[in-house]
Amino acid sequence: MTLPTTAARPEGAPRRVSVLGATGSIGTSTLDLLARDRAGYAIEALTAFSRVEDLIATARRLKPAIAVIGDPGLYRALRDGLAGTGIEAAAGREALIAAAERPVDWAIGGIVGAAGLEPTLAAARNAKVLALANKECLVCAGAIFKAELARCSTALVPVDSEHSAIFQVLAGERPERVERLILTASGGPFRTFSRAEMTDVTPRQAVNHPRWSMGAKISIDSATMMNKGLEVIEAYHLFDVAPERIDVVIHPQSVIHSMVEYCDGAVLAQLGEPDMRTPIAVALSWPDRMPTPVKRLDFGTMAALTFSTPDDARFPCLALARRALHTGGAAPTLLNAANEVAVEAFMRREIGFLDIPELVRRVLDGLDAPAPATIADVLAIDAEARSRALAEIAGLARSVVAVAAPDSRIQ
Ligand code: NAD
Ligand code: MG
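Bear in mind the structure is a predicted one, so any value in this text is a computation, not a measurement. (Residues numbered from 1 in each chain as written. Chains lettered and ligands numbered in written order. Predicted model: local features only at pLDDT ≥ 70, side-chain atom pairs only at ≥ 80, totals over all residues. Heavy atoms only, no water.)

### Looking at the nonpolar core
With 133 residues, the main nonpolar core has Leu 335 and Phe 353 as its most contacted residues. The leading source of residues in this core is helix H14 (residues 331–347), at 11 residues. Domain assignment of the residues forming this core places at least three in each of domain 1 (15–159) and domain 2 (165–274 + 297–396). With near-sequence residues (within four places) excluded, Leu 335 lies in contact with Met 226, Leu 230, Ile 233, Leu 320, Ala 321, Ala 324, Val 360 and Leu 364. (Core = buried A, V, L, I, M, F, W, Y, C linked by side-chain atoms within 4.5 Å. Buried < 20%, exposed > 50% of the residue type's maximum accessible area, 1.4 Å probe, protein only. Helix = DSSP H or I, 4+ residues; strand = E, 2+ residues; numbered from the N terminus. Domains from an automatic or database assignment. Contact = heavy atoms within 4.5 Å.)

See the structure below:
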């Protein structure tokens, strides 16, 4: 991975930054940090998909050069909401990608899912530093994504808390001395549930993460443990470590964000409160550090830190992701797309919670494709996996959920 070696901020000048996914959980945490140093940053682009009122309010407060809404039907609302501010308004996927491509010192990829691939790649081309939260980019297009970053000499700094932890404890160490990466996982809200107890859990229960406050999709991924599977693939691409050297350990307190074991037996860990503003600040200030208002750990009152091994029988998604990584080629792209469709169907209550891994498994079993060589290949594999997953959902008709009311809090 390419590490930034110098602070990208020229003496005295504000750093130009763009925030992709500005209305989401990662986006709002990022803007909270940026808003604390208004003189230090000039915001180039803010993007969102559908929460136009949030985008307008944020743009009015932070004055980007351009605000883009992904849904073209919301263009008028955005334009009218920004009238008289001098902020450029734009809408639609092409406009969003074009805004992402504007040259900046630092950009954060906070869009959720494979929908973020093209905008994040666009940002990667013209940003000096890309802070990456959108792990699905690396899962579905890892090698192509990294090649583009290298071609453009863009530094990649991970934002995912586990990868940020590893990034921090790897600093100054020699890669060949690394024996193991140890990703911690909270275990999610159903950590202690039997499979029988998971059968009828609702989206509302699944998004209710015990330790982190996040967007709906990653919260469901945490509940199935697919999130940790995606993170194993993400770690493989970020740190060039063989899959069998990437371990996962359940650590429900989410105090240790991940660890690296070295050849001498030393294990280095990074700890902190579960607040994404810390890993975002690490990426924003790298190779320096910046102050944040994040709550500090209190070791005097801290509960015991506990660890256990993941249970593949109750949480098959982690093994499915490892299988996709081992298979290589198109498999991680298929896995990611099938999972996105399954999570959306679960949120709409069209399938049950345990159908999520089943659907992913069926798509992995049923489809094969050559390894993608271009982004167009990735998008074609992604589309094929999505239509296969939708066809499988039709076959997984569950009469019990067909009559259930949608969970209104989930969007
Ligand atoms: P979120 O749902 O809260 O926000 C997603 C953002 O993406 C929103 O601003 C939304 O408008 C935008 N978006 C959605 N679909 C889009 C589309 N088709 N085109 C353009 N923009 C679109 O999600 P989040 O929790 O902030 O997660 C964002 C990414 O960061 C995910 O990949 C997630 O895995 C990763 N991540 C999140 C956290 C966290 O704490 N939230 C932690 C680690 C990694
Ligand atoms: Mg994570």
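### Quick word on the sheet that holds strand S8 (residues 178–185)
Taken in spatial order, the 4 strands line up as S9-S8-S10-S11 in an open sheet, and their pairing is mixed. Each edge of the open sheet carries a strand with a single partner, namely strand S9 (246–250) and strand S11 (267–271). The mean inter-strand angle of the sheet, taken between neighbouring strand axes irrespective of direction, is 20°. Pairing of S8 with strand S10 (residues 256–262) involves 5 bridges; the strand directions are antiparallel. (Pairing = 2+ DSSP bridges. Axes fitted to C-alpha atoms, helices over the stretch in contact; angles between N-to-C directions.)

### Remarks on the site of ligand 1
Taken together, the neighbourhood of ligand 1 is formed by 22 residues, with Thr 23, Ser 25, Phe 49, Glu 136 and Gly 215 sitting nearest. Contact with the protein chains removes 89% of the 820 Å² of surface that ligand 1 exposes when unbound. Of all the secondary-structure elements, those providing two or more residues to the shell around ligand 1 are helix H1 (25–35) and helix H6 (135–151). Grouping the constituent residues of the shell around ligand 1 by class yields 12 nonpolar, 7 polar and 3 charged. In this structure, the shell around ligand 1 is formed jointly by two domains, domain 1 (15–159) and domain 2 (165–274 + 297–396), each of which donates at least three residues. (Near = heavy atom within 4 Å. Areas by Shrake-Rupley, 256 points an atom, 1.4 Å probe, with all protein chains shown as cover. Nonpolar A, V, L, I, M, F, W, Y, C, P; charged D, E, K, R; others polar.)

### What to know about the confidence of the model for the protein chain
In this model, the protein chain carries a mean pLDDT of 94, and residues with pLDDT of at least 70 account for 94%. By mean pLDDT, helix H17 (residues 399–402) is the weakest element of the protein chain at 43, and strand S3 (residues 66–69) is the strongest at 99. A low-confidence stretch, residues 2–8 stays under pLDDT 50, and its non-local contacts, those more than four residues away or across chains, total 15 contacts. For residues 399–411, every residue scores under 50 in pLDDT, and the model assigns this stretch 19 contacts once sequence neighbours within four places are set aside. (pLDDT = per-residue confidence, 0-100.)

### As for unusual backbone geometry
Going from Trp 286 to Pro 287, the amide bond is cis rather than trans, its omega being 5°. Along the chain, the position of Pro 287 falls in the loop between helix H12 (277–285) and helix H13 (317–327). Phi is positive for Ser 153, which is not a glycine, with a value near 50°. Inspection of the secondary structure assignment puts Ser 153 in the loop between H6 and strand S7 (155–158). By relative accessible area, which is 63% here, Ser 153 ends up exposed. Phi angles above zero are rare outside glycine, and Met 225 is one such case at about 70°. Mapped onto the elements, Met 225 comes out in the loop between helix H10 (216–224) and helix H11 (226–239). For Met 225, a relative accessible area of 4% corresponds to the buried category.

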